[in-house]
Structures are given as structure tokens and as C-alpha cells.
Amino acid sequence: MSKDSDGGSVRQRKGKAQPKDVAADRPEAETGTPTAIGTPRNGSSTPTMVTQATMVTQATLEKQLVIRQPVKRVKRRRWFVAGIAIGVVTAVATILYVNPTQNTHINRMQEVLGDFDVSTLLPDSLLPDDFVQDISRLLAPDKTTPGPANRSTGEFEPALTLVEEEGLAKKHNVILVPGIISSGLESWSTSSCSRPYFRQRLWGTSTMFKAILLDKECWVQHMMLDKKTGLDPPEIKLRAAQGLDAADYFITGYWIWGKAIENLAALGYDSNDMALASYDWRLSYHDLERRDQYFSRLQSQIEMALRASNRKSVLVTHSMGSQVVQYFMKWVESAQGGNGGAQWVDRHIEAIVNLAGSPLGVPKTLASLLSGEQRETVQPLASYLLDHFMNRKELARIFRSWTGLPSLLPKGGNAIWGDLNGAPDDPISNNTGVSPLADPGGNDTASPPAAVSYGGQIRFDDERSSSMNNQTMEDSLQLLFNALDKDELRLMQRDYSFGVFRTQQEMDARRDDHRVWTNPLQHQLPNAPNLTIYCLYGHGATTERAYYYTADTASMDDLHDETGTPALRIDRTHRAHVSNVDIGIVNGEGDGTVPLLSLGYMCADAWRKPLFNPHGVRIVTREFLHNPLAVFKDIRGGAEAADHINILGNRDVTADMLRIVAGKGHLVQDRFTSNIREYARRINIP
């Protein structure tokens, strides 16, 4: 690059309106005859021919720079401003639609922007006119008159309305018991791999995604449990994050318990009378007590709350948390556990509110443990990414190390889930009571396509698997047991039972067996006639119910090798002759994660029978049809979403929960909007 006589670069003159005399910028000691490029500094002022040519070239360059540079700067400035505008809009949309609790910030931004026209920032040809108008409307203040309907998705609603209209106020102590997705796990390890993540969550928050993407081996090492003991591997220590902020948001902007917590606060609750009982969901319930003394701590917490306030507690559970509390109620009264005696629950617990509970398990857990797959992982894009990053074989190895996951395996066998002749929850026709079922062999030519029965939990219909028979739920569980190695099978048999008891003698014989405490079909509700169990769940969302599989081997007896690689996988072949099958998944009714049978059978039927509820615990079932808004209006579905996670933000569900903790649970009565009672009548359990 050419330089002038004062050592400055020609580029230093970019953007100047007029060329400047070099001598004017030079100190007085250096003023005099100017020295140009090529001019000797011996005092001679006679330029050479080369010097003259260079000066002419330099002047020409400066003129070009003076003329052209402002155009380039304007162009870049316009793109820069456009980038800022798009970034702001993206951030605003993310906050507005993903985290409605931040609406206050959006309102303030709108007040500041007022009638500001965003389109003036953008180059004329940069974006389509309608998109620019959409941006302006998004940032413009909302002119809608505030009212209950408009306050339903945030800002302490519906609590504020209920306080005003029904006089609700805090009464009972509240303990929140989360599920898997809302129980954060943080690292307490100090090994070389662990140090960058000390006291950071490797499950939950953005740290998890960072670790998976950039340090996968270390993340897997932390998340897996020891195959021999079912506990921490050597030099690895993950523990459940504590405090209410451990479950309010899974990652920034993705609320879990956040809405429930802010609504409880509007009733007057704070950290003195509201607590989160988080746990390491990877562990079996037996090991939760053995390693963390989880149930002992929960017992002490509830007892202390009663002594401090002279009021019983309400336990609000979500998903897997409902099973944790079921186990706790048997553990706390048993001499083998908390030794609280038969009356402990009645004295200490006012109510249990199960939100999207899964008492009878989830079929997708079977698929996860068997082949490392579920609906989310067999979608074409997800399957491609996983195959190149963390494939199903690796996922199955991780899943099988989590001794807590089998607590979500389906319970009740064929009595609940059906057999090859049909299932209790096979689709019902409005006219005949039962819809025509498709030919499982694929020869059905009905138009429109009929539905396949759910009784075949795992089906085979491809040529590679022609020697394999369709499997019922009991067959499928045995298939899983055959695929597990000896340590995985030993730990599962140590901690779980999946059958059905039909007599009082069976109940009495295994009353203190902790394996049946995880299965509501093999134990009885506590002696607590003053207790109420509320089952609040959604339905109407497509839910995994059964599967089509194919085999990597031709033999049914050779489904597992020494590396733990699953020899079965979901068969994603398109099946046009059946209406309820998509990419190998047989879809049924439920909340998107838990089938309706698991959500509702115990609440709508079994817990209303003397065998399972001999002491008359009050049971209330409330069903909510999943009715989400369009994604562009609210990515989480809005106030009427009732799928498995978003039900925690459902307005009506939240209102029921608030009435219960405020001591007005008598206002919350049964409400059935699905076919669960008809399905229950088809189940032959006394």
C-alpha cells in the first residue's frame, strides 16, 4: 500500500469531503517544503519524474475514494441496520411466543417504539412488503381492551382473576414433584472431564446442549449410571438441582413449572410454604432412597410443614412424579421404609394433584429400551441427524443404564393393553361402538383405510421378519428382557414388577415388597379416608401406542450381541392400508406422550373399586381436550393446550390446582370428555 510523507496510509483519507493539505496536519517543526513519496529527505525539493507520476496517481486514487466510498458505507450501513432489525424481531418473537411470562418486557418495548415505522430502517428491496408490515404490527402496541380472555396466557393469570372473583388465598402447604424433563441434574464431579461443568446442569439449561454438541463423550460419561451398581460411575457425580428455579424453566424461554409458580405466588405463596421435591430420575426409586435419602427427606419436609403451620400438604405432581408419590405413600407407611404407620398419609397429606400422570406406564419407554427409538427419533430428519451424531445403539445403551426408566414401562400386561384379538382402547365408531380394524397382514382394501388394533404391541410384516410372530404387551416385555444383559436384567428384576393382583390375598402377601410399590395394580391406596387424589390430564393429541418392527437378524433367539446393540428397529415403511400408522408408529389417543389408558384407567375405574381403594380415598378425574392455538400465535399452544408438557400452562388446569391448594377442592368435580369409561368397561379386572 502506498503511503504519504507523514507515514499515514492512503486509506486514512476514506470518506473525507475534500483533500486536505498534508502540511496542515504536520507539527510546526516539520512544516516547510512538503516531501512526497519518492522525494529525498535531504532537503531537496525537486521531485523526480517517478515522484511526479506517483503524486498524480495518489491524487487520482484519493478522488476515487472520495467519490465512491460514501456509497459503499451507505450500502453496508443499510444491511447492518436491517440485520439489527431482523435480530430484534427474532428476539421479540422468541420471547413473545416461547416465554409469555415476559410479556411485560414486550409491552415496555411497544410503549417506547410507539408509532415507529420499522420499514424506514430497511432497504427498499431487502424484504417483501408484507413481511415488513408484519414486523411493524408485531412491534406496535396492542390496542385490544384487556380482559380475562386476553390475560389467560401469562402475568399471574388465572390466579388474579380467581382471587378477585372467588376469594382464593393460600391455605395448604404445597410441594411440587416434577417429572423427567423438569428435574435438572447438575455436576458435582471434580475429575478433569467434569471441571468445566462444575455446578452446571448437564440435564436442563443450555449447558446440556453445549455439552452434547461439543463434548459428547464427557456428557455421556456423566449421564450414564454404573451397570453393576445402578449408581454413580467412578469419579462421576450428578445430583438433582434444588430450589424452585430448578424446574421453572427447562432452558431459557421454555417454561415448565414457571406458570404454576407465578400463579401460586399470586395466591400468597412463597418459598416458606411452597417447595420443589426434585430428584435424580435416572435412579430406581429404591436407589433414590439408598443414595440420596430422597423419601426420608420428603417425609421430614412434610412433617415439618405440618408442625410449622398446623396444616396438611398438597402434593402437585407431573408425569413421572405421580409414580414417585405413589411409591412414597407405600414407603412412608411401611416398616421397611419410613415406618410412619397406616395413618401417616391421612394425618399429613390433604390431596395429591396428578397432572398428566402415567400410573400404568408409557409404551414409548418400551421402544426406547428395546431399540433406542421413539417417534421423535424415527422422523426422517431426526433419524438422519442421530445416525450421524448419536445413533439408536448409543441411545439404547444410555437408556438401559438408567434404572429409573423401567418405572415407566407399561404395567398390567395383556389385561390392560390387549392381545392379538384386540385391545380395550381400540378405536370406537360413533355408530357401531367399534371401528373396523385393518388386516394386520396388509391385505385390507377398505376405503377409507381402517385402523390397526393396538393389541399387537410389536408387529412384524416385512419379508426379513417373516419368521417372527406379532407380540402382545407381555410378549414384548419378554422380548426386552431377552435383549438386556445380565446386569441390566438383574437390576430391573430387583426393583420392578409389572403384573396385576386380583385378590386381597395377593395384596397382603406382598404388602412390604418395594417392587410392587411402583405398580398401582399390585398395591392398595393408603388408609386415608380424608385424602383426595385428583387426576387432571389432557387427551386428543396423537400418542404412541404400538409399533411395527423389523429385525437385523432372521432368528427370534438372536436379538442381542455382546456389545449391547439392539437387533430390532422400528420399520418406517409406509402402510397406506391402515389409517393410524405413520413411519412404523401405531398412533392412539392420549396427551402426546402418555396413552389415554395409562392416564385415565386407574382414576376413572380401578381406584374406585374396593380391591385397589379399600379405605375410600376420594378420587376425582378431570379431562381436558387438547385445543392448541396455531403455532404462529403461540408456539406452546396457548391457554387451552393440554398435551403432556403444556398442560402445566393450561388455564383451566391451573385454576383447578389453585382451588385445591386454597382449600376449595370440593368445587373440583369429575369431568369426562373422552371414551375412557368405555375402555375401562372392556378391562376384566375385579
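The text that follows walks through the structure, step by step, so that each part is easy to find. (Residues numbered from 1 in each chain as written. Predicted model: local features only at pLDDT ≥ 70, side-chain atom pairs only at ≥ 80, totals over all residues. Heavy atoms only, no water.)

This brings us to the overall build of the chain. When helices and strands are tallied, the chain shows 22 helices and 16 strands. Residues counted as buried form 54% of the 686 residues belonging to the chain. For the chain, the computed accessible surface area is about 31,400 Å², with 52% contributed by carbon and sulfur atoms. (Helix = DSSP H or I, 4+ residues; strand = E, 2+ residues; numbered from the N terminus. Buried < 20%, exposed > 50% of the residue type's maximum accessible area, 1.4 Å probe, protein only. Areas by Shrake-Rupley, 256 points an atom, 1.4 Å probe, with all protein chains shown as cover.)

A large share of strand β11 (residues 532–539) lies buried, amounting to 8 of its 8 residues. With 5 bridges connecting them, strand β9 (residues 349–355) and β11 associate as parallel partners. In the strand pairing of β11, Asn354 is matched with Cys535. As defined by bridge partners, β11 adjoins strand β16 (residues 618–625) across 8 bridges and the pair is classed as parallel. Looking across to β16, one finds that Ile533 is bridged to Ile619. (Pairing = 2+ DSSP bridges.)

For the rest of this paragraph, the subject is unusual backbone geometry. Following Glu157, the chain continues to Pro158 via a peptide bond in cis, the omega torsion being 10 degrees. Counting through the fold element by element, Pro158 comes out in the loop between α3 (129–139) and α4 (159–166). For Glu235, which is not glycine, the phi torsion reads 65 degrees and is therefore positive. Since its relative accessible area comes to 66%, Glu235 is described here as exposed. Its identity is not glycine, yet Asn339 carries a phi of approximately 55 degrees, on the positive side.

Glancing now at the sheet that holds strand β1 (residues 173–177). One open sheet accounts for 6 strands, arranged β7-β1-β8-β9-β11-β16; its pairing is parallel. The two strands at the open ends of the sheet, each matched to only one other strand, are β7 (274–276) and β16. Sheet twist, expressed as the average angle between the axes of neighbouring strands with direction ignored, equals 15 degrees. This element, helix α20 (residues 596–604), spans β11 and β16 of the sheet and lies at about 150 degrees to β11. Running over the sheet, helix α21 (residues 651–661) touches β1, β8 (313–318), β9, β11 and β16 and is turned about 160 degrees from β16. (Axes fitted to C-alpha atoms, helices over the stretch in contact; angles between N-to-C directions. Contact = heavy atoms within 4.5 Å.)

Another aspect to go through is a nonpolar patch on the surface. A contiguous nonpolar surface patch, about 430 Å² in accessible area, is contributed by Phe209, Leu213, Leu214 and Phe389. Among the elements that make up the nonpolar patch, the one with the highest residue count is helix α5 (residues 206–214) (3 residues). (Patch = residues over 30% accessible without salt bridge, like charges linked within 9 Å, V, L, I, M, F, W, Y side chains within 5 Å. Salt bridge = Lys/Arg side-chain N within 4 Å of Asp/Glu carboxyl O.)

Judged by nonpolar contacts, the single largest core of 151 residues is most densely connected at Trp219, Trp257 and Tyr601. When residues in this core are grouped by element, the largest group, 8 residues, is from helix α10 (residues 320–333). Core analysis: the second largest hydrophobic core is formed by 8 residues, Tyr454, Ala546, Val578 and Val586 among them. (Core = buried A, V, L, I, M, F, W, Y, C linked by side-chain atoms within 4.5 Å.)

Quick look at the pattern of salt bridges now. Evaluation of the coordinates by the stated rule reveals 33 salt bridges. Among the salt bridges present, the one from Glu157 reaches Arg651, with a minimum N-O distance of 3.9 Å. Linking Glu157 in the loop between α3 and α4 with Arg651 in helix α21, this pair joins segments that are 494 residues apart in sequence. Neither Glu157 nor Arg651 differs from the other in exposure class; each is buried. Here Asp487 makes a salt bridge to Lys228, at a shortest N to O gap of 3.0 Å. Here the residue Asp487 occupies a position in helix α18 (residues 486–495), and Lys228 occupies one in the loop between α6 (216–223) and β4 (238–240), the gap between them amounting to 259 residues. Given a relative accessible area of 11%, Asp487 falls into the buried group.

Going through the model one piece at a time under the given rule, you end up with 16 aromatic pairs. Taking the centre distance of 5.4 Å and the plane angle of 70 degrees together, the rings of Tyr327 and Trp517 count as edge-to-face. Of this pair, Tyr327 sits in helix α10 while Trp517 sits in the loop between α19 (504–509) and β11; the two residues are 190 residues apart in sequence, bridging distant segments of the chain. Considered together, Tyr327 and Trp517 belong to a single accessibility category, that of buried residues. Ring-pair connections join several aromatic residues into one group, and the members of that group are Tyr279, Tyr285, Tyr294, Phe295, Tyr327, Phe328, Trp331, Trp344 and Trp517. The ring centre of Tyr548 lies 4.0 Å from the NZ or CZ of Arg575, which sits over that ring. (Phe/Tyr/Trp six-rings, centres within 6.5 Å; stacked < 30°, edge-to-face > 60°. Lys NZ or Arg CZ within 6 Å of the ring centre and 35° of its normal.)

This part is about the state of the cysteines. One pass over the full model with this rule turns up 2 disulfides. Residue Cys193 pairs covalently with Cys218 via a disulfide, S to S 1.8 Å. Between Cys193 and Cys218, the S-S torsion sits near 130 degrees, and that sign places the bridge as right-handed. With a gap of 25 residues between them, Cys193 in the loop between β2 (185–187) and β3 (201–203) and Cys218 in helix α6 connect regions that are remote in the sequence. Put simply, Cys535 and Cys603 are joined by a disulfide, and their sulfur atoms are 2.1 Å apart. Judged by the sign of its S-S torsion, about -80 degrees, the cystine formed by Cys535 and Cys603 is left-handed. Linking Cys535 in strand β11 with Cys603 in helix α20, this pair joins segments that are 68 residues apart in sequence. (Disulfide = S-S within 2.5 Å.)

Moving on, we come to the packing of helix α12 (residues 363–371) against helix α15 (residues 392–401). At a closest axis distance of 7 Å, the pairing of α12 and α15 adopts a crossing angle of 110 degrees. Relative to α15, the element α12 is oriented roughly perpendicular. On the side of α12, the interface is formed by Ser368, Leu369, Leu370 and Ser371, while α15 contributes Arg392, Ala396, Phe399 and Arg400. Considering only residue class, the contact of α12 with α15 consists of 4 nonpolar, 2 polar and 2 charged. (Parallel < 35°, antiparallel > 145°, perpendicular 65-115°, else oblique. Nonpolar A, V, L, I, M, F, W, Y, C, P; charged D, E, K, R; others polar.)

Here the focus is helix α7 (residues 258–266). Among the 9 residues in α7, 7 count as buried, and that is most of the element. Packed against the buried residues of α7 are α4, β1, β6 (254–255), β7 and α21. Where α7 terminates, the next one or two residues include Gly268, which has phi positive at roughly 115 degrees.

Another aspect to go through is the sheet that holds β2. In space, the 3 strands of this open sheet follow the order β3-β2-β4, with antiparallel pairing throughout. The open sheet has two edge strands with one neighbour each: β3 and β4. The mean inter-strand angle of the sheet, taken between neighbouring strand axes irrespective of direction, is 45 degrees. Bridge count between β2 and β3: 2 bridges; the pairing is antiparallel. Bridging from a neighbouring strand, Glu186 pairs with Arg201 of β3.

On to α18. Listed in full, the buried residues belonging to α18 are Asp487, Glu488, Leu491, Met492 and Asp495. In an axial view of α18, the angular spread of the buried residues amounts to 130 degrees, which keeps them on one side of the axis. On its buried face, α18 sits against α8 (285–292), α15 and α17 (473–483). Between a side-chain oxygen at the N-terminus of α18 and the backbone nitrogen of Asp487 the separation is 3.1 Å; the capping residue is Asp485. (Arc of directions from axis to C-beta. Polar contact = N/O pair within 3.5 Å; in protein donor to acceptor, adjacent residues only side chain to side chain.)

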